[in-house]
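Reading the structure
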Amino acid sequence: MAAGQRLVAYERVSTARQGASGLGLEAQRKVIEDFAASRGAEVLARFTEVESGRKADRPELAKALHLAKVTGATLVIAKLDRLSRNAAFLLALRDSGVRFVAVDMPEANALTVGIMALVAQAERESISRRTKEALAVAKARGVKLGNPNGAASLRRAGKGGVALRATVSANAAAFAADLAPVLTEIRAAGHTSLRAMATELTARGIRTRHARSWGPGGVKNLVARLERMSMLG
């Protein structure tokens, strides 16, 4: 990591009790601050999540990823397992285009996360299989099984791929929505060509969703999405 690198910090605790007490957060914060100081990096913002590790819907993480995307900063976490052991979520992170670094595993990259996602998926399937086998044994012994919300639970369990695609689409829409006022301001200032708008976005330190510099093609796609969303006059 080069000196002067910009970072967006993400911290997570698993329970509301931990969040209220600060348990775990102080240690994560110190690890990240020491990491930034050792590399002469600037922490642009810090996002703290109080969530279950099994949930992929994390609003603070979404904000952190978005800020990293539009500024070209790197997402930094104290420990890689603070993100998730959920395969779909790890794959979403891998495909988001955001540069990230885990202090406890600085060599981790998109390939590493992809492998971890496969391992996490295998582990989850193994746990599910053992649970089903245990329930089958219990049923054979005459234990009454059942869950009044069982159908809803099954529907939730089977929506992994759909949820991932929905998350990616929602992230793209959110990214475009956040840039709508910026683009309107740029056009109002007389920068109306695709190339001129791309230049202005780059000059403001804003990157594409995949952390790249803007070009006319990227601006064209952004404008088209905003027009479909009816957010650009």
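Residues numbered from 1 in each chain as written. Predicted model: local features only at pLDDT ≥ 70, side-chain atom pairs only at ≥ 80, totals over all residues. Heavy atoms only, no water.

**Concerning unusual backbone geometry**
- Phi is positive for Ala-211, close to 60°, though the residue is something other than glycine.
- Tracing the backbone through its elements, the reader meets Ala-211 in the loop between α8 (194-203) and α9 (216-228). (Helix = DSSP H or I, 4+ residues; strand = E, 2+ residues; numbered from the N terminus.)

**Some remarks on the confidence of the model for the protein chain**
- With 66% of its residues at a pLDDT of 70 or more, the protein chain has an overall mean of 76.
- The low-confidence segment residues 16-23, where pLDDT is below 50, has 7 contacts with residues more than four positions distant or belonging to other chains. (pLDDT = per-residue confidence, 0-100. Contact = heavy atoms within 4.5 Å.)

**Details of the nonpolar core**
- If you look at the biggest cluster of nonpolar residues, it comprises 17 residues, and the most contacted ones within it are Leu-179, Leu-183, Leu-201, Ile-206, Trp-214, Val-219 and Leu-222.
- Aside from chain neighbours lying at most four places away, what touches Leu-201 is Val-182, Leu-183, Ile-186, Ile-206, Trp-214 and Val-219.
- Among the nonpolar cores identified, the runner-up in size contains 16 residues, and Leu-61, Ala-68, Leu-93 and Val-98 belong to it. (Core = buried A, V, L, I, M, F, W, Y, C linked by side-chain atoms within 4.5 Å. Buried < 20%, exposed > 50% of the residue type's maximum accessible area, 1.4 Å probe, protein only.)

**A few points about the pattern of salt bridges**
- Overall, the coordinates contain 6 salt bridges when judged by the stated rule.
- Across the salt bridge formed by Glu-11 and Arg-29, the nearest N and O atoms sit 3.0 Å from each other. With Glu-11 in strand β1 (residues 6-13) and Arg-29 in helix α2 (residues 25-38), this residue pair connects regions lying 18 residues apart in the sequence.
- Judged by relative accessible area, Glu-11 falls into the buried class, the value being 0%.
- Judged by its relative accessible area of 31%, Arg-29 falls in the partly exposed class.
- In this structure, the salt-bridge partner of Arg-46 is Glu-33, at a minimum N-O distance of 3.5 Å. Linking Arg-46 in strand β2 (residues 42-50) with Glu-33 in helix α2, this pair joins segments that are 13 residues apart in sequence.
- Judged by its relative accessible area of 28%, Arg-46 falls in the partly exposed class.
- Salt bridges sharing common partners tie together Glu-11, Arg-29, Glu-33 and Arg-46. (Salt bridge = Lys/Arg side-chain N within 4 Å of Asp/Glu carboxyl O.)

**Description of the packing of α8 against α9**
- Running from N to C, α8 and α9 cross one another at 95°; their axes reach a closest spacing of 8 Å. With respect to their mutual orientation, α8 and α9 come out roughly perpendicular. Between α8 and α9, the residues in contact are Leu-194, Arg-195, Met-197, Ala-198 and Leu-201 and Pro-216, Val-219 and Lys-220, respectively.
- Partitioned by chemical class, the residues of the contact of α8 with α9 number 6 nonpolar, no polar and 2 charged. (Axes fitted to C-alpha atoms, helices over the stretch in contact; angles between N-to-C directions. Parallel < 35°, antiparallel > 145°, perpendicular 65-115°, else oblique. Nonpolar A, V, L, I, M, F, W, Y, C, P; charged D, E, K, R; others polar.)

**Brief notes about α9**
- Taking 1.5 Å of rise per residue, the 13 residues of α9 would be expected to cover 18 Å, and the 18 Å separating its terminal C-alpha atoms lies within 8% of that figure.
- Positive backbone phi, approximately 55°, marks Ser-230, located one or two places after α9. (Expected span 1.5 Å × (residues − 1).)

**Some words on the environment of Arg-29**
- For the pair Arg-29 and Ala-9, spaced 20 residues apart in the sequence, the C-alpha separation amounts to 8.4 Å.
- Setting aside residues no more than four positions away along its own chain, Arg-29 makes contact with Glu-11, Arg-46 and Thr-48.

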